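As a plain string of letters, each chain reads:
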Amino acid sequence: MSQTSKSDAITAAPTGLALPSYLQADKLGPWGIYLQQVDRVVPYLGSLARWADTLRRPKRALIVDVPIQMDNGSIAHFEGYRVQHNTSRGPGKGGVRFHQDVTLSEVMALSAWMSIKNAAVNVPYGGAKGGIRVDPKTLSRGELERMTRRYTSEIGIIIGPTKDIPAPDVNTNEQIMAWMMDTYSMNEGATATGVVTGKPVDLGGSLGRRDATGRGVFTVGVEAANHIGLDTRTARIAVQGFGNVGGVAARLFAESGARIVSVQDHGGTIYREAGLDVPALLAHVAVVGSVAGFVGAEVIANDAFWDVDCDILIPAALEQQITEANAPRIKAKMIIEGANGPTTPAADDILHDRNILVLPDVIANAGGVTVSYFEWVQDFSSFFWSEDEINARLVRIMKEAFAGVWQVAQENTVSLRTATFIVACKRILHARELRGLYP
Ligand code: GLU
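What you are looking at is a predicted structure, and each value in this text was computed from that prediction instead of being measured.

*Asks:* I tried to follow the overall build of the chain on my own but got confused; where do I start?
*Replies:* When helices and strands are counted, the chain shows 13 helices and 13 strands. Relative to the globule expectation of 22 Å for 439 residues, the C-alpha radius of gyration of the chain, 21 Å, shows essentially globular dimensions. The C-alpha extent of the chain, read off along each of the three principal axes, is 70 × 60 × 45 Å. For the chain, the residues scored as buried account for 56% of the 439 residues in total. As displayed, the chain has an accessible area near 18000 Å², and 52% of this comes from carbon and sulfur atoms. Considering the chain, the positive charge centre built from 42 side chains and the negative charge centre built from 46 side chains are found 5 Å apart.

*Asks:* Sorry if this is basic, but what is going on with the environment of P124 here?
*Replies:* As for its placement among the helices and strands, P124 is situated in the loop between α3 (104-120) and β5 (127-133). When its relative accessible area of 30% is taken as the criterion, P124 is described as partly exposed. C-alpha of P124 to C-alpha of Q175: the two residues are 51 residues apart in sequence and 26 Å apart in space. Residues contacting P124, with those up to four places away along its chain left out, are R89, G90, P91 and Y373.

*Asks:* Just to check I follow, could you spell out the site of the ligand for this structure?
*Replies:* The full set close to the ligand counts 14 residues, and K93, K117, P168, D169 and S372 are the nearest of them. Within the side chain of K93, a nitrogen or oxygen atom sits 2.7 Å from an oxygen atom of the ligand. One nitrogen or oxygen atom from the side chain of S372 is found 2.5 Å from an oxygen atom belonging to the ligand. For the ligand, whose free accessible area comes to 300 Å², the fraction covered by protein is 95%. When residues of the shell around the ligand are assigned to their parent elements, the largest contribution, 3 residues, is made by helix α11 (residues 367-381).

*Asks:* What exactly am I supposed to notice about the pairing of strand β2 (residues 75-86) here?
*Replies:* In the case of a regular strand, side chains alternate between the two sheet surfaces. Most of β2 is tucked away, with 9 of its 12 residues classed as buried. Of the strand pairs in this sheet, strand β1 (residues 60-69) and β2 are connected by 10 bridges, and their pairing is antiparallel. Residue pairing across strands places I63 opposite Y81, the latter belonging to β2. Connecting the antiparallel pair β1 and β2 is a turn made up of 5 residues, with G73 showing a positive phi of about 95°. With 6 bridges joining them, β2 and β5 adopt antiparallel strand pairing. Bridging across to β5, Y81 finds its partner in G131.

*Asks:* Would you mind going over the pairing of strand β9 (residues 268-271) with me for this structure?
*Replies:* Taking every second residue as pointing to the same face, both faces of β9 are buried, with G268 and I270 on one and T269 and Y271 on the other. Looking at chain direction, strand β8 (residues 259-265) and β9 are connected through 4 bridges and run antiparallel. When the sheet's bridge partners are listed, Q264 is paired in β9 with T269. Taken together, β8 and the strand that follows it, β9, pair antiparallel across an intervening segment of 2 residues. Of the strand pairs in this sheet, β9 and strand β10 (residues 298-300) are connected by 3 bridges, and their pairing is antiparallel. Across the sheet, residue I270 finds its bridge partner in β10, namely V299.

*Asks:* What is the right way to look at the packing of helix α2 (residues 30-41) against helix α13 (residues 416-435) in this model?
*Replies:* To describe two helices that pack against each other, one gives the angle between their axes and the distance between the axes. One way to put it is that α2 packs onto α13 with a least axis distance of 9 Å and a crossing angle of 80°. Taken together, the axes of α2 and α13 are roughly perpendicular relative to one another. Between α2 and α13, the residues in contact are Y34, Q37, V38, R40 and V41 and R417, T418, F421, I422 and C425, respectively. Looking at side-chain class alone, the contact of α2 with α13 contains 6 nonpolar, 2 polar and 2 charged residues.

*Asks:* Can you help me understand α2 in this one?
*Replies:* Given 3.6 residues per helical turn, the α-helix brings residues three or four places apart onto the same face. For α2, which comprises 12 residues, the first-to-last C-alpha distance of 17 Å matches the rise-based estimate of 16 Å (1.5 Å per residue) to within 8%. Buried residues dominate α2, accounting for 9 of its 12 residues. Buried within α2 we find P30, W31, G32, I33, Y34, L35, Q37, V38 and V41. Where α2 is buried, its residues meet β2, α3, α9 (345-353) and α13.

*Asks:* Just checking my understanding: could you explain the pattern of salt bridges for this structure?
*Replies:* Any two side chains of opposite charge can pair, on the condition that their charged atoms come close. Taken as a whole and judged by the stated rule, the model has 30 salt bridges. Close ionic contact of D361 with R417 constitutes a salt bridge, the shortest N to O distance being 3.5 Å. Pair noted here: D361 is in helix α10 (residues 361-364) and R417 is in helix α13, with a separation of 56 residues, a long-range link. Under the relative-accessibility criterion, D361 is labelled buried at 2%. Each of R97, E106, K129, D169 and E319 takes part in salt bridges that share partners, so that together they form one network.

*Asks:* Sorry if this is basic, but what is going on with the sheet that holds strand β7 (residues 236-240) here?
*Replies:* Hydrogen bonds along the backbone pair up the strands of a sheet, which may run parallel or antiparallel. Spatial strand order, β10-β9-β8-β7-β11-β12-β13: 7 strands in an open sheet with mixed pairing. Of all strands in the sheet, those with a lone pairing partner are β10 and β13 (357-359), marking the two edges. Ignoring which end each strand starts from, the neighbouring axes of this sheet average 20° apart. As defined by bridge partners, β7 adjoins strand β11 (residues 312-315) across 4 bridges and the pair is classed as parallel. Across the sheet, residue A238 finds its bridge partner in β11, namely L313.

Thresholds, definitions, all that
- Throughout this document, residue positions are counted from 1 along each chain, in the order its sequence is written.
- Given that the model is predicted, a residue must reach a pLDDT of at least 70 before its local features are reported, and side-chain atom pairs must reach 80 or more before they are shown or counted; all residues, however, enter totals for whole chains, interfaces and linings.
- As a rule here, side-chain values cover all heavy atoms of the structure and leave hydrogens and water aside.
- The way it works is that DSSP assigns letters per residue, a run of H or I at least four long becomes a helix, a run of E at least two long becomes a strand, and they are numbered from the N terminus.
- Radius of gyration here uses only the C-alpha atoms, and the compact-globule reference equals 2.2 Å multiplied by the residue count raised to the power 0.38.
- Only protein chains enter the accessibility calculation, which uses a 1.4 Å probe; a residue whose area is less than 20% of its type maximum is buried, one above 50% is exposed, and one in between is partly exposed.
- Here the open area of atoms and residues is found with the Shrake-Rupley method and a 1.4 Å probe, where only the protein chains shown may cover a residue.
- Charge counting follows a simple rule: Lys and Arg are positive, Asp and Glu are negative, and His as well as the terminal groups are ignored.
- Where a charge sits is defined by one atom per residue type, namely NZ (Lys), CZ (Arg), CG (Asp) or CD (Glu).
- Here, two residues are considered to be in contact whenever any of their heavy atoms come within 4.5 Å of each other.
- Any residue with a heavy atom lying within 4 Å of a molecule or strand is counted as near it.
- Distance and chemistry together define a polar contact, namely a pair of N or O atoms within 3.5 Å, with one atom able to donate a hydrogen and the other to accept it when in protein, and with adjacent residues in sequence counting only for side-chain atoms on both sides.
- What makes two strands pair is DSSP finding at least two bridges between them.
- Angles shown run from 0 to 180 degrees and are taken between the N-to-C directions of axes, each axis being a line fitted to C-alpha atoms and, for helices, limited to the stretch in contact.
- An angle counts as roughly parallel when it lies under 35 degrees, as roughly antiparallel when it exceeds 145, as roughly perpendicular when it falls between 65 and 115, and as oblique in every other case.
- Each residue gets one label: Ala, Val, Leu, Ile, Met, Phe, Trp, Tyr, Cys and Pro are nonpolar, Asp, Glu, Lys and Arg are charged, and the others, such as Gly, are polar.
- Given a helix with a known number of residues, its expected span is that number minus one, times 1.5 Å.
- Should a side-chain nitrogen of Lys or Arg be within 4 Å of a carboxyl oxygen of Asp or Glu, the pair is scored as a salt bridge.

Pasting the structure below:
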């Protein structure tokens, strides 16, 4: 077979049809949503479309058994995952989540969204994600540490500072990153700070990392609002999720003058038309663990959250929150996706028809991984930057990425999500093409 016909064979490969069942979008979980997002972008990829199947399957997926001894002497087994979706542009990069609903296909989708996100802001990483199917609230601190360490050791065969760099995500934090760094380093026989990001500052972490995702949400939100004539300083904002993303974004918007009128989390939904006292709410959540019981706000039904009269809605919790069922009720003019995958494709279409601007996760929440990149660079050079320097670089990268995506959206008359996918997929597949197939 000639070189040309080999290439043609790749071009002619049926897209989608040959995928094994677990890779298909028949049940529209997060992976199915991601596959639909890829389908929407393929017509805009030009000659790079011949490589599009690269995006439709993860490069590498590892399932690990995580056995630990519980405090009562029994042995418990947890299922853990690490998926490297793509490494064409650099090492795998993405968080680790501990949640009772984590599945392999969810982690696959989250890893793929990391590939898109990292390419969208042009940091030199591929995409990866990990998780353990566990409710960490049911574990003691000792059990949590043993589970984290055993998981790290099990995925140690595929992670590393130049291979794949985990970070915090849902229910994981600086302490868990410290245990991961220590476990990997013990196995290697040398301290390897660059194996994870989101570490404590005293262990090679970066100033500004804790607030970075929320700061990115705020930065991109203000940029986008300016484009549609919405003044964020007088806006009314509803936030779902009040952790590291929603809480920080709410604080920054409130500091700039906005009114946070409603917050929903796992403890319930609160509302105050005049605006919630965000510092007081942050202090309450730090003690109680949720918004439940916060004085100075009205409690409303969880479902009523979607009817709240607001200008901006920030979903900053889990996937598939904005659906066909509630998208027609949303009153906001703009949605900023702090969470990964909060909007289903059907809801995306409804919001588009209703002229509600959606700032997609793959650009809106990219601030976290951007400062993770700064942390990794600082670890490699053992030279640390000031917080002002980090925030200034973060804002510059986010603004530039947003401006590029906005322009592509205008040129092609597509949503910001499709525009972000166009920018990112072109970068990934161009790298793929330059590297070529091995052997
Ligand atoms: N978990 C975060 C995300 O979804 C950050 C990942 C990272 O810093 O590597 O973007």
